[in-house]
Protein chains: 2
Amino acid sequence: MKKKDITITEIASLSGVNISTVSRAINHPEMVAEKTRQKVMYYVRKYDYKPNLFAQGLQTKKSRIVALVVPNFSNLSFANISKGVQERLNLSDYSIVIFNSHEDELLERRICKEIAKLHIDGVIFASGSSLIPPIDLLPEDTAKLFIDRDGSDINVDSLIFDFAGGLDKAVKHLKVRNHRKIALIAGDISSYTGQEKVLTFKKALQKHELPLHPNCIVDTLWSAKEGWNATEKLLSMEEAPTAIIAATDTLALGAIGAAASREYKIPEEISIVGFNNEPGSECFNPPLTTMKFSDYGIGNDAATLILKRIYQPDSELITTKYSLEIIERNTVGNARNY
Amino acid sequence: MKKKDITITEIASLSGVNISTVSRAINHPEMVAEKTRQKVMYYVRKYDYKPNLFAQGLQTKKSRIVALVVPNFSNLSFANISKGVQERLNLSDYSIVIFNSHEDELLERRICKEIAKLHIDGVIFASGSSLIPPIDLLPEDTAKLFIDRDGSDINVDSLIFDFAGGLDKAVKHLKVRNHRKIALIAGDISSYTGQEKVLTFKKALQKHELPLHPNCIVDTLWSAKEGWNATEKLLSMEEAPTAIIAATDTLALGAIGAAASREYKIPEEISIVGFNNEPGSECFNPPLTTMKFSDYGIGNDAATLILKRIYQPDSELITTKYSLEIIERNTVGNARNY
DNA sequence: ATGAAAGCGCTAACAG
DNA sequence: CTGTTAGCGCTTTCAT
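Cut-offs applied
- Residues numbered from 1 in each chain as written.
- Chains lettered and ligands numbered in written order.
- Predicted model: local features only at pLDDT ≥ 70, side-chain atom pairs only at ≥ 80, totals over all residues.
- Heavy atoms only, no water.
- Helix = DSSP H or I, 4+ residues; strand = E, 2+ residues; numbered from the N terminus.
- Buried < 20%, exposed > 50% of the residue type's maximum accessible area, 1.4 Å probe, protein only.
- Contact = heavy atoms within 4.5 Å.
- Areas by Shrake-Rupley, 256 points an atom, 1.4 Å probe, with all protein chains shown as cover.
- Lys, Arg positive; Asp, Glu negative; His and termini not counted.
- Charge placed at Lys NZ, Arg CZ, Asp CG, Glu CD.
- Expected span 1.5 Å × (residues − 1).
- Least-squares fit on C-alpha atoms with pLDDT ≥ 70 in both.
- Near = heavy atom within 4 Å.
- Polar contact = N/O pair within 3.5 Å; in protein donor to acceptor, adjacent residues only side chain to side chain.
- Nonpolar A, V, L, I, M, F, W, Y, C, P; charged D, E, K, R; others polar.
- Axes fitted to C-alpha atoms, helices over the stretch in contact; angles between N-to-C directions.
- Parallel < 35°, antiparallel > 145°, perpendicular 65-115°, else oblique.
- Left-handed = near helix turned anticlockwise from the far one by under 90°.
- Buried area = accessible area lost by both parts, 1.4 Å probe.
- Pairing = 2+ DSSP bridges.
- Salt bridge = Lys/Arg side-chain N within 4 Å of Asp/Glu carboxyl O.

## Comments concerning the overall build of chain A
Alright, step 1. Secondary structure assignment for chain A yields 11 helices and 12 strands.
Alright, step 2. Based on the C-alpha atoms only, the size of chain A along its principal axes is roughly 90 × 35 × 30 Å.
Alright, step 3. Residues counted as buried form 57% of the 338 residues belonging to chain A.
Alright, step 4. A fraction of 69% describes how many contacts in chain A between residues 6 or more apart in sequence connect residues 24 or more apart.
Alright, step 5. Here chain A has roughly 15,000 Å² of accessible surface; of this, 50% comes from carbon and sulfur atoms.
Alright, step 6. In chain A, which carries 41 positive and 42 negative side-chain charges, the distance between the mean positions of the two groups comes to 6 Å.

## Notes on helix 11 (residues 295–311) of chain B
Residues and elements named next belong to chain B.
Alright, step 1. With 17 residues, helix 11 ought to run about 24 Å at 1.5 Å a step, and its terminal C-alpha atoms sit 24 Å apart, in line with that.
Alright, step 2. The set of residues buried in helix 11 consists of Asp295, Gly297, Ile298, Gly299, Ala302, Ala303, Leu305, Ile306, Leu307, Arg309 and Ile310.
Alright, step 3. Where helix 11 is buried, its residues contact strand 1 (65–70), helix 5 (77–91), strand 3 (122–126), strand 4 (143–147), strand 5 (157–161) and strand 11 (319–322).

## Description of the relation of the copies chain B and chain A
Alright, step 1. The two copies are related by a screw motion: chain B maps onto chain A through a turn of 180° and a shift of 0.1 Å along the axis, at an RMSD of 0.1 Å. What we have between these two chains is a two-fold relation.
Alright, step 2. Mapped onto chain A, 98% of the interface residues of chain B are again interface residues, and the two copies thus contact each other with one and the same surface.

## Considering the protein's contact with DNA strand C
Alright, step 1. As a structural note, the neighbourhood of DNA strand C is formed by 27 residues, with A:Ile8, A:Tyr49, B:Arg24, B:Thr36 and B:Gln59 the closest of them.
Alright, step 2. The sugar-phosphate portion of DNA strand C accounts for 62% of its atoms within 4 Å of the protein, the bases making up the rest.
Alright, step 3. In this structure, A:Asn27 approaches DNA strand C through a side-chain N or O atom, which is 3.1 Å from a phosphate oxygen.
Alright, step 4. Between DNA strand C and the protein, one listed contact pairs a phosphate oxygen with a side-chain N or O atom of A:Gln56 at 2.8 Å.
Alright, step 5. Looking at the surface near DNA strand C, the elements with two or more residues in it are helix 2 (19–27) and helix 4 (53–60) of chain A together with helix 2 (19–27) and helix 4 (53–60) of chain B.
Alright, step 6. A total of 5 residues in the surface near DNA strand C trace back to one element, the largest contributor, which is helix 2 of chain A.
Alright, step 7. Each residue belonging to the surface near DNA strand C can be placed in one class, and the counts come to 10 nonpolar, 14 polar and 3 charged.

## Remarks on the protein's contact with DNA strand D
Alright, step 1. Taken together, 27 residues sit near DNA strand D, with A:Asn18, A:Arg24, A:Thr36, A:Gln59 and B:Ile8 positioned nearest.
Alright, step 2. For DNA strand D, the fraction of protein-proximal atoms (within 4 Å) that sit in sugar or phosphate groups is 60%.
Alright, step 3. Between DNA strand D and B:Asn27 there is a distance of 3.0 Å, counted from a phosphate oxygen to a side-chain nitrogen or oxygen.
Alright, step 4. Within the contact set of DNA strand D, a base nitrogen lies 3.3 Å away from a backbone nitrogen or oxygen of B:Ala55.
Alright, step 5. The set of elements that each furnish at least two residues to the surface near DNA strand D consists of helix 2 and helix 4 of chain A together with helix 2 and helix 4 of chain B.

## Section: the packing of helix 5 of chain B against helix 11 of chain B
Residues and elements named next belong to chain B.
Alright, step 1. Where helix 5 meets helix 11, the closest approach of the two axes is 7 Å, and the angle between their N-to-C directions is 45°. Considering the angle they form, helix 5 stands oblique to helix 11. Helix-helix and strand crossings are classified by hand; for helix 5 and helix 11 the assignment is right-handed. Side by side, helix 5 and helix 11 meet where Ser77, Asn80, Ile81, Lys83, Gly84, Val85, Glu87, Arg88 and Leu89 of the first sit next to Asp295, Tyr296, Gly299, Asn300, Ala302, Ala303, Thr304 and Leu307 of the second.
Alright, step 2. Residues of the contact of helix 5 with helix 11, tallied by class, amount to 7 nonpolar, 6 polar and 4 charged.

## Section: the interface of chain B and chain A
Alright, step 1. Contacts between the two partners involve 54 residues from chain B, matched on the other side by 54 residues from chain A.
Alright, step 2. Three residues, B:Phe54, B:Phe73 and B:Lys117, lead the burial of chain B against chain A; their summed loss comes to 16% of the area buried on that side.
Alright, step 3. One can count 11 residue pairs in polar contact (both at pLDDT 80 or more) joining chain B with chain A.
Alright, step 4. Among the secondary structure elements, those contributing two or more residues to the side of chain B that touches chain A are helix 4, helix 5, strand 2 (95–100), helix 6 (105–117), helix 9 (224–235) and helix 10 (249–261) of chain B.
Alright, step 5. With 6 residues, strand 2 of chain B is the single largest residue contributor to the side of chain B that touches chain A.
Alright, step 6. Considering only residue class, the side of chain B that touches chain A consists of 25 nonpolar, 15 polar and 14 charged.

## What to know about the sheet that holds strand 7 (residues 217–218) of chain A
Sheets are built from strands paired through backbone hydrogen bonds, the pairs being either parallel or antiparallel.
Residues and elements named next belong to chain A.
Alright, step 1. Sheet architecture is open: 6 strands sit in the order 7-6-8-9-10-12, paired in mixed fashion. Where the open sheet ends on each side, the last strands, each with one partner, are strand 7 and strand 12 (325–327).
Alright, step 2. As paired elements, strand 6 (residues 182–185) and strand 7 share 2 bridges and run parallel to each other. By the bridge assignment, leucine 184 is partnered in strand 7 with isoleucine 217.
Alright, step 3. Contacting strand 6, strand 7 and strand 8 (243–246), helix 9 (residues 224–235) crosses the sheet at an angle of about 150° to strand 6.

## Considerations on the pairing of strand 2 of chain B
Residue and element names in this part refer to chain B.
Alright, step 1. A large share of strand 2 lies buried, amounting to 6 of its 6 residues.
Alright, step 2. With burial as the criterion, each face of strand 2 is covered, one bearing Ser95, Val97 and Phe99 and the other bearing Ile96, Ile98 and Asn100.
Alright, step 3. Examined bridge by bridge, strand 1 and strand 2 share 6 bridges and lie parallel to one another. Paired with leucine 68 across the two strands is isoleucine 98, which belongs to strand 2.

## Remarks on the sheet that holds strand 8 (residues 243–246) of chain B
Residues and elements named next belong to chain B.
Alright, step 1. An order of 7-6-8-9-10-12 is seen for the 6 strands of this open sheet, with the pairing classed as mixed. Edge strands, defined here as strands with exactly one partner in the open sheet, are strand 7 (217–218) and strand 12 (325–327).
Alright, step 2. Where strand 9 (residues 271–275) and strand 10 (residues 289–292) come together, 3 bridges link them in parallel fashion. Of the residues in strand 10, the one forming a bridge with valine 273 is threonine 289.
Alright, step 3. Where helix 7 (residues 163–176) meets the sheet, its contacts fall on strand 6 (182–185), strand 8, strand 9, strand 10 and strand 12, and the angle it forms with strand 9 comes to roughly 165°.

## Overview of the environment of A:Asp93
Alright, step 1. Its location among the elements puts A:Asp93 in the loop between helix 5 (77–91) and strand 2 (95–100).
Alright, step 2. Setting aside residues up to four positions removed in sequence, A:Asp93 forms contacts with A:Arg64, B:Arg110 and B:Lys117.

## What about the pattern of salt bridges?
All names here are of chain B.
Alright, step 1. Counting across every chain of the model gives 16 salt bridges over all chains.
Alright, step 2. The partner of arginine 262 in a salt bridge is glutamate 232, and the shortest N-O contact between them spans 3.5 Å. Residue arginine 262 is located in the loop between helix 10 and strand 9, and its partner glutamate 232 is located in helix 9; the two are separated by 30 residues in the primary sequence.
Alright, step 3. Residue classification places arginine 262 among the partly exposed positions, given a relative accessible area of 34%.
Alright, step 4. Since its relative accessible area comes to 27%, glutamate 232 is described here as partly exposed.

Here it is as structure tokens:
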């Protein structure tokens, strides 16, 4: 298959028209006589003409590529999000490329530079890492969107989860089952968003008239191992909590493992609730009770929104909040009465 | 930051030389007088000049981008592989973009077309899905590489795992512990590679003088849920196997969940071995005994190899096999004696 | 060692 | 409605 790609010039001479007419027939069909258009498109299809992205980009400064930047693959809701983005984008003949920053600040900066270099039209940052993405490294006219991080103060569209609402539901769910000492494995709280999570948790406890015990909010990164370690810490306290809320299912996976390894019966002796309903959490041992959002839907919305921002850079700033619903499985039980 | 990128022309006039000299100073330093070069590079650095990829690509037909195509994010070894690829590539000033085919044949084809359109220089296909990647959709001069799939027959470099060797070790490990009835959750066996896996398993059993029981090889996809379902099937047999080998840790996660939900004690009543040592499997309940390869190392090698192929398209075809080592954790025990 | 000039494939004025 | 033309920013002959 050495046959090199067919160019607009060749299509033009085949159709017996000028190259600019071919260009118009493709990009602005309404500017071309129906008959000419037909003729041109016939050859376009026959030879499967594809515009050369380099040439097109050189001219238009657009690549028709959107990037999705994720901090890791461990938070498996990213898989569904990416699928949602993918399918929506394909509908509009855009491509999606994924970058994994591996929760590394330097790498994230590097990625932004690459994105700039590739003249990518829009970037979706999926949260997880502690930092505000270095969007200053991106051209101003690159569309930007945050998932799970509020960018309204820096003029970036955002799709955020109602973590507060979810936490409230989770706490309530636990309180009804007699839990009085609830701990939070918070993920990364070094950031502003992280701090907000802590605040949110405190408020939820307060609202439900539950005490906040010292050391019951533990700061971690995002791997299962981190969840394990946090749980070790929690369960070795003099009076261990009877329930643990983990900020992600992956964290909860580690929490379950650690609790079980200490011979805690789940959910009889310790209750655990996760967040995100990541693929696989229905298969944990035991299956995880978790807070679910529509990951695929969010991906879809994200793609729709970024396209809108690409086409209409000055349209109104959007911040959408997604609610979380509890999925009851087998990691929550009743706390023993005192 | 509206300031548009600085171009080679501007650098040229700043340095008082012709643009072609600037181009040479950057791309072929040896062709330029040391002094001129210094002068040019001074301005290059001062204004952080970056060549325009579109213009460069239009000329050279190269993008300095390598794509990594994965079938899912569930097999978490992809995370480490991607990191290995990333870091090696960055060293050579190449970018990596990731595509997720979501185990969808159509999507995979679409992705290949996008890769062609983007004029990506090299593509690394990480296995998992059942099919041979549609590399015929890629230009002939795009470097290609398979991970975990043998492409030697179609002239593609491959990095493959010694699955046979790993399986042999796993079977032996189990046999020593008195297991006589061992089942395999095989992942997808509809493909050639899959069939080979089945054969391999049969051989391993034979070698260790173990019987192959009917229905003890189960064909699945790659999600945890699939592992769960397979295990349900296995454990509901009249005489259930005492040990299960799962082709990936994710599959094993489901296997553990299903076994536990049927009140099997792990590892006392059922032993489970995974493959790949995916991040998180050390935190399963109980922590998973699994077969490990150097995922980061493979990613690194993959990047090195694809770069070589890009620079020297006609260099000798390479097929490297990576061995697997067992990591003993807590999911394997002794089978009861009969 | 350096400059001049052609051209990669495409889009978008500008004419007609 | 269509053709002509001028670049987009860069690399690479071909001269000098």
